[in-house]
Amino acid sequence: MKPTSILLRLAKYCFKYKWRIVGGLLSVAIMSAADTASAFLIARLFEVLQNISVQVQHKQEILVPVVLKVRDFVLYSFIVHGKQESFSLIYQFAFAVLAIILVKVSFVYSREYLMSSVQQKILMRFRTEMFDRIVCLPVKYFDENKTGHIMSRITNDVNNLEQALYLIVEFVQNIVYALIFATALFYTSWQLTLVSVFIFTLSGAISRRFGDRIRSYSKDLSNTLADISAFLQERISAIRIVKSFTREKKESAQFKQKVETNYHFSMKIVRVIALLSPTNELFNTIATSLLVVFCGYLFIIGSMTIETMIFFLIIVTSLAKPIKSLGEGAARIQKTLVSARFIFDVLDLVPESQSEENVPLIVKGNVCFEDVSFSYTTDLQAISHISFKVAAGETIALVGPSGSGKSTLVNLIPRFYDIVHGKILIDDIDSKNMNLQSLRNQIAIVPQDVVLFSGNVRENIRYGRLTATDDEVFEAARAANAHTFIERLEHGYDTEVGERGLQLSGGQRQRIAIARAVLRNPKILLLDEATSALDTESELIVQEALERLMKGRTSFVIAHRLSTITHCDRIFVLDAGTIVEMGTHEELLQRESGLYKRLHSLQFADSQPE
Ligand code: ADP
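As a starting point, this report considers the structure included with it. (Residues numbered from 1 in each chain as written. Predicted model: local features only at pLDDT ≥ 70, side-chain atom pairs only at ≥ 80, totals over all residues. Heavy atoms only, no water.)

So, the state of the cysteines
Put simply, the test is: Disulfides are defined as pairs of cysteine sulfur atoms found within 2.5 Å of each other.
Under the criterion given, the structure shown has zero disulfides. Free cysteine: Cys568, not disulfide-bonded; nearest cysteine sulfur from Cys368 at 20 Å.

Observations concerning the pattern of salt bridges
Note the cut-off: Throughout this description, the term salt bridge denotes a Lys or Arg side-chain nitrogen within 4 Å of a carboxyl oxygen of Asp or Glu. Only DSSP runs of H or I covering at least 4 residues are called helices, and only runs of E covering at least 2 are called strands; the numbering of each starts at the N terminus. Each residue is assigned to one of three classes by its accessible area relative to the maximum for its type, calculated with a 1.4 Å probe on protein chains only: buried under 20%, partly exposed between the two thresholds, exposed over 50%.
Considering all chains together, one arrives at 21 salt bridges under this definition. Linking Arg125 and Glu129 is a salt bridge whose minimum nitrogen-to-oxygen distance equals 3.4 Å. Of this pair, Arg125 and Glu129 both sit in helix 3 (residues 82–135), separated by four residues, roughly a single helical turn. Under the relative-accessibility criterion, Arg125 is labelled partly exposed at 24%. Salt-bridge contacts for Arg415 lead to Asp418; the nearest nitrogen and oxygen are separated by 3.6 Å. Arg415 sits in the buried class, given a relative accessible area of 11%. Accessibility expressed as a relative area gives 48% for Asp418, which makes it partly exposed. Within the structure, one salt-bridge network assembled from shared partners comprises Arg458, Arg462, Asp470 and Asp494.

Quick notes on the sheet that holds strand 7 (residues 429–430)
As a reminder of what qualifies: Whether two strands pair comes down to DSSP finding at least two bridges between them.
Read across the open sheet, the four strands follow the order 4-3-6-7; overall the sheet is antiparallel. Strands at the two margins of the open sheet, each flanked by one partner only, are strand 4 (383–390) and strand 7. Pairing of strand 3 (residues 367–374) with strand 6 (residues 421–426), which is carried by five bridges, proceeds in the antiparallel orientation. Across the sheet, Glu370 pairs through a bridge with Lys423, a residue of strand 6.

Regarding the site of the ligand
Note the following rule: In these notes, residues near a molecule or strand are those with any non-hydrogen atom within 4 Å of it. Any pair of N or O atoms that falls within 3.5 Å is considered a polar contact. Within protein, one atom must be able to donate a hydrogen and the other to accept it, and sequence-neighbouring residues count only if both atoms are side-chain atoms. Side-chain classes are defined by residue name, with Ala, Val, Leu, Ile, Met, Phe, Trp, Tyr, Cys and Pro counting as nonpolar, Asp, Glu, Lys and Arg as charged, and the others, Gly among them, as polar.
Neighbouring the ligand are the residues Asp143, Tyr376, Leu380, Ala382, Pro401, Ser402, Gly403, Ser404, Gly405, Lys406, Ser407 and Thr408. Take Ser404: an N or O atom from its main chain is 3.2 Å from an oxygen atom of the ligand. A distance of 3.0 Å separates an oxygen atom of the ligand from a polar atom in the side chain of Lys406. Here the shell around the ligand takes three residues from helix 10 (residues 406–412), the largest share from any one element. Classifying every residue of the shell around the ligand by side-chain character gives four nonpolar, six polar and two charged.

As for a nonpolar patch on the surface
The following threshold applies: Note that patches include only residues with greater than 30% relative accessible area and no salt bridge, and the join distances are 9 Å for like charges and 5 Å for nonpolar side chains (Val, Leu, Ile, Met, Phe, Trp, Tyr). To measure how exposed things are, a 1.4 Å probe is used in the Shrake-Rupley method; for residues, cover is taken only from the protein chains shown.
A surface patch of nonpolar side chains, amounting to about 400 Å² of accessible area, comprises Leu49, Phe87, Ile90 and Tyr91. Sort the elements by how many residues they give to the nonpolar patch and helix 3 lands first, with three residues. Mapped onto the fold, Leu49 is located in helix 2 (residues 18–57). Using a relative accessible area of 32% as the deciding quantity, one classes Leu49 as partly exposed.

Things to note about the environment of Asn174
Filter applied, for reference: Contacts were defined at the residue level, with two residues in contact if any of their heavy atoms lie within 4.5 Å.
Secondary-structure assignment places Asn174 in helix 5 (residues 147–188). When near neighbours in sequence (up to four residues on either side) are disregarded, Asn174 contacts Pro322, Ser325 and Leu326.

Next up, the structure:
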C-alpha cells in the first residue's frame, strides 16, 4: 500500500469528525491571525517610537501621527501630542497586544480539545474495528500467526498510530499557520515572501529524503516489536516448561538478542532523525540570515520602512517554526505510517462469512461425511477421502495414532476449516450452505485443556448461553457434577477464576466446561477426552457428567484411553488421514490383525502391573 493511499484511508476516518476538525483548524487560524496582529502592532509601535525619538533628539515638540491600516483600509488614527500622550500610547499598545494574546490563548484550549478528541475517537475506532475483525478471522489465521504478533498489531501498532495521528494533526495545523503567516508576508513584500518560501521549501525537500529512509527502517522496527511480543507471550505462558528445563539463562539471552535487534533498528531511525534536526536548523539559520541581510539592504536604500522590516522579520521567524515542523513532521509521519499499513492489512483480511442475523436452525444431529478431503498445507492431506454416516444421538469414538487426523476431522464439523473436496451434511443439508453462526449454535465443544476467562464462575458457565438465568446456570452445574464443589468455594458462584483468579484443578475446569456445554444444549457434541490427565476420582465424576451430557446428542469423542470408550455406539479408527476400521468395541477386537486390536493390546499391556 502506497503512503498516499494510507493517508487517504486515514483521511476517510477523519472525515467522520469533520466538524471537530473544522473547529480545531478555525482555532488554529484565529491563533495565527492573533500572532500576526500582535506582530503588526509591535512593528507599528516601533515606527512611531522611532519618529518620536527623532523629534525628541531634535528637541522638537512631540507631534506624531499614528495610523493603523491594512493596505488602504484605515483601522485607527490619531495624533500623539506631547510626552504624556506618548507614554499613554505605549500603554495602549501593550494592552492591545495583551488582549490579542489572551484571545489566542483561549483558542489554544479549543484547538487542543477538539483535535485530541478526534485523535482519541479514531484510535478507539481502530482498536474496536481491529478486534472485531480479528475475532471473525478464520482459525487458519491463528494457526499461521503467532498470538504475540497479533497482539502487537493491536497494542504497539495502534500506539504508533496514535503518534502518527498526533503528527498529522500537528502537520495540518502547521500548514494553516504557515498559510496565514505567508499571506501576511505576501501583503508586506511579495518579492521577499517568494525568496523565503523558496529557501524554506528547499529545506522541506531535504526532510522528505530523510523521510524515505525512516520509512524503510520503521517496517523492520515494527516487526522486531511484534517479535518481542510474540516471544514474551510464548515464554510467559510456558514459564513452567522454561523452569523445569532450567532454561532461564538461555531464554534471557535470546530475549536480549531480540531487544538488541530492536535497539539496532531504533538507533538507525534515531540517527536519521538526529541528523534531520540540525540540518533543518542550519538551513533555517542560513535562510533567516540571508533575509536579514536582504531586508537591511532594502532599508538602507530606502525601499523599506522600519515598520515593514520588523513586521517581516517577526513573521518570518514565526513562519520558520511551522515550516521546519512541516519538514520534520513529514519525515516522522512516514515512520508511523508503517504501523497504519499493518493495521489496514489486518482490517483488509477476509473474515469468516459472518451474517448479522442468526437464521434459526433446528437440526436433529445427523452427520454425514461424503468423500471429504482436507489439507492444511498443499503438500500433505490431513484427511483423505473420508465417508461415513452418523445418526442423530449416536456416540462415536475416534481413535488412532497421534497425527492420524482425529482433531482435524472434529474441527471440520463446525467449519473451523473449509474442506477442499467432498461434502459434510448435517441433517442432509450441506454445511457449506448453512449460516455459520446457526451451525455453530448447534454444536458444543469440550476441549482437553479448558480455558476459563477472567471473571467469576457464574459468568464462565453462562458463556455457554448468555441469556441463561441463574437457576439455569445452577441446573447446568448440577448436571455437570460441578454444583457441589462450586458451592464450597469461598464465594460460591461469585468466585473469581481465570488467570488472576482462583486456580481450579483440571477436573474442576472440565466440569465447568461441561456445564457450559449443558447450557448451550447442542445437538452435536465434540469432546476431546481429557480424563486421562485426571486422577481416578475426578475421572469418574467427569465421566459421569459427560455421559449425562452426551445422552440424546450426536457425540464425537476423541479417545486417548481406549478403556473409556468401550460403551460407544461405534468406533472409527483413523490412520494417516483415513478411516481404516469402523465398528463396535467387540467387533473391532475380533479383527485379528486390526489396528484397533493392536492399539488396544498395547494400552492393555501398558496398564498391566509389572
Ligand atoms: P490427531 O488429532 O490425530 O493427533 P491432527 O488432526 O491433529 O491429528 O493432525 C493431522 C495432521 O495434520 C498431522 O499431520 C498434523 O501435523 C497436521 N496438522 C494438524 N493441525 C495443523 C495445523 N494447524 N496446520 C498444519 N498442519 C496441521
